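Fold and contact review
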Amino acid sequence: MIDLESRRAKLIRDLRDDGINDERVLGAIEKVPREIFVPPEHFERAYDNTALPIARGQTISQPLIVASMTQHLRLFPESRVLEIGTGSGYQAAVLALLCRSVYTIERHDYLLRQANNRFARLEFNNIETRLGDGSLGWPEHAPFDRVIVTAAAAEVPHALMDQLVLGGVMVLPIDRRFWRQELVALERTSDGYRTNYLMDVRFVPLVVGQGEGRT
Ligand code: SAH
C-alpha cells in the first residue's frame, strides 16, 4: 500500500523549496488528486515532481511547471481563463479552484473525453471544454482575463492575443532556435504587449492548422 498522502505533502514542500510561495496556488495543488489524472500504470508516481506520459503521445506537465504557470497568471477569484491543451485536465482542475471559470480546448477527442469524465467525477462545474484547434481561441467566450497555453509554438497565436483583455496576462512556452523553449508571460497594455522571460521549459508542440486530432 503506497502512502499518497505523505507523497503529496512532500511534493508541496518541494514546490515551496523551488520558489512557489503563493499559498492559494499551493492549496489548489494540494487539493487536486493528481492520481486521477495520470494513467493507471503511473498511479504510484502521481506525486513525483515530473511530467508523465498520457495517451496519444502527450504529457501531463510537471507539478512545478503547473504551479509556476499558475502563479505567473496572477489569478483573481473572478478571472475567466482560457487554456489551450487540456491533455489530462490536471492544469484546468488546478485553475478551476482559483478562478471563476475555465474554458479549455483540446485537439484529441480521446483525451478530451477522459478529461471530461474526471471533471464530472470531481464535480467541477466551472470548466467548459471544446474539441478543436486552440490556436484559434474561443471567440464565443472571448475576451479572457487570462490565457494559458500548455503546448509550444514558434509564435504567439494572433487569435489568442486578440482575445486577451486589456491588462490581461497570457503564459505560454515559445519555441526558440536550437531546440530551446522559453516560458514567457505576455501582458496586454494600453500600448501593446509586454513580454517577460520566465524560464526554460520543455513542452509538446502546439499543432496548428490541422483541425482536430479525431483520435
Ligand atoms: N495541460 C495539460 C498538458 C497537456 S500536453 C495537462 O495538465 O495535462 C499539451 C496538450 O496540448 C496535448 O494534449 C495536445 O494534444 C494539445 N494540443 C496541441 N496542439 C493543440 C491545439 N492546436 N489545440 C488544442 N490542443 C492542442
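The model shown is predicted, which means the values in this text are computed figures rather than measured ones.

**Points about the sheet that holds strand β3 (residues 80-84)**
Here seven strands make up an open sheet; going across it, the order is β5-β4-β3-β6-β7-β8-β9 and the pairing mixed. For this open sheet the edge positions go to β5 (127-131) and β9 (192-200), each flanked by a neighbour on one side alone. Adjacent strand axes in the sheet meet at a mean angle of 15°, parallel and antiparallel pairs treated alike. Two elements, strand β6 (residues 144-149) and strand β7 (residues 164-175), share four bridges in a ladder whose sense is parallel. Pairing of phenylalanine 144 across the sheet is with leucine 164, part of β7. Against the sheet, helix α5 (residues 109-121) engages β4 (101-106) and β5, with an angle of about 165° to β5.

**Considering α5**
Here α5 contains 13 residues, and its C-alpha end-to-end distance of 18 Å stays within 8% of the 18 Å for a straight helix at 1.5 Å per residue. Of the residues making up α5, those classed as buried are Leu111, Leu112, Ala115, Arg118 and Phe119. Around the axis of α5, the buried residues are gathered within 120° of arc, so they sit on the same side. Away from its buried face, by an angle of more than 90 degrees, α5 presents the exposed residues Asn117, Ala120 and Arg121. Of the surrounding elements, those touching the buried residues of α5 are α4 (90-96), β4 and β5. Note on α5: the residue one or two positions beyond its end, glutamate 123, has a positive phi of about 60°.

**A look at unusual backbone geometry**
Cis peptide bonds are those with omega within 30 degrees of zero, and the linkage from alanine 142 to proline 143 qualifies with 0°. Here the phi dihedral of tryptophan 179 falls at roughly 60°; this positive angle occurs in a residue that is not glycine. Tracing the backbone through its elements, the reader meets tryptophan 179 in the loop between β7 and β8 (181-189). When its relative accessible area of 75% is taken as the criterion, tryptophan 179 is described as exposed.

**Some thoughts on the site of the ligand**
Taken together, the neighbourhood of the ligand is formed by 26 residues, with Ser88, Glu106, Asp133, Gly134 and Val207 sitting nearest. Take glutamate 106: an N or O atom from its side chain is 2.6 Å from an oxygen atom of the ligand. Take aspartate 133: an N or O atom from its side chain is 2.9 Å from a nitrogen atom of the ligand. Contributions of two or more residues to the shell around the ligand are made by β2 (59-60), α4 and β4. Of the residues assigned to the shell around the ligand, the class counts are nine nonpolar, 13 polar and four charged.

**Some details on the nonpolar core**
Taken as a class, soluble globular proteins show a tendency for nonpolar side chains to be buried jointly. In this structure, Leu15, Ile29, Phe37 and Tyr90 are the most contacted members of the largest nonpolar core, which totals 48 residues. Apart from the residues lying within four places of it in its own chain, the contact partners of isoleucine 29 are Leu11, Ile12, Leu15, Pro63, Val66, Ala67, Tyr90 and Val94. One finds Ile84, Ile105, Met161 and Leu164 within the second-largest nonpolar core, a separate group that totals 21 residues.

**Observations regarding the pairing of β4**
With six of its six residues buried, β4 lies for the most part within the structure. Taking every second residue as pointing to the same face, both faces of β4 are buried, with Ser101, Tyr103 and Ile105 on one and Val102, Thr104 and Glu106 on the other. The pairing of β3 with β4 spans five bridges and is parallel. Residue pairing in the sheet places valine 81 in a bridge with valine 102 of β4. For the handedness criterion, the β-α-β arrangement of β3, α4 and β4 is classed as right-handed. Looking at chain direction, β4 and β5 are connected through five bridges and run parallel.

What counts, and where the lines are drawn
- Residues numbered from 1 in each chain as written.
- Predicted model: local features only at pLDDT ≥ 70, side-chain atom pairs only at ≥ 80, totals over all residues.
- Heavy atoms only, no water.
- Pairing = 2+ DSSP bridges.
- Helix = DSSP H or I, 4+ residues; strand = E, 2+ residues; numbered from the N terminus.
- Axes fitted to C-alpha atoms, helices over the stretch in contact; angles between N-to-C directions.
- Contact = heavy atoms within 4.5 Å.
- Expected span 1.5 Å × (residues − 1).
- Buried < 20%, exposed > 50% of the residue type's maximum accessible area, 1.4 Å probe, protein only.
- Arc of directions from axis to C-beta.
- Near = heavy atom within 4 Å.
- Polar contact = N/O pair within 3.5 Å; in protein donor to acceptor, adjacent residues only side chain to side chain.
- Nonpolar A, V, L, I, M, F, W, Y, C, P; charged D, E, K, R; others polar.
- Core = buried A, V, L, I, M, F, W, Y, C linked by side-chain atoms within 4.5 Å.
- Right-handed = clockwise from strand over helix to strand, strands pointing away.

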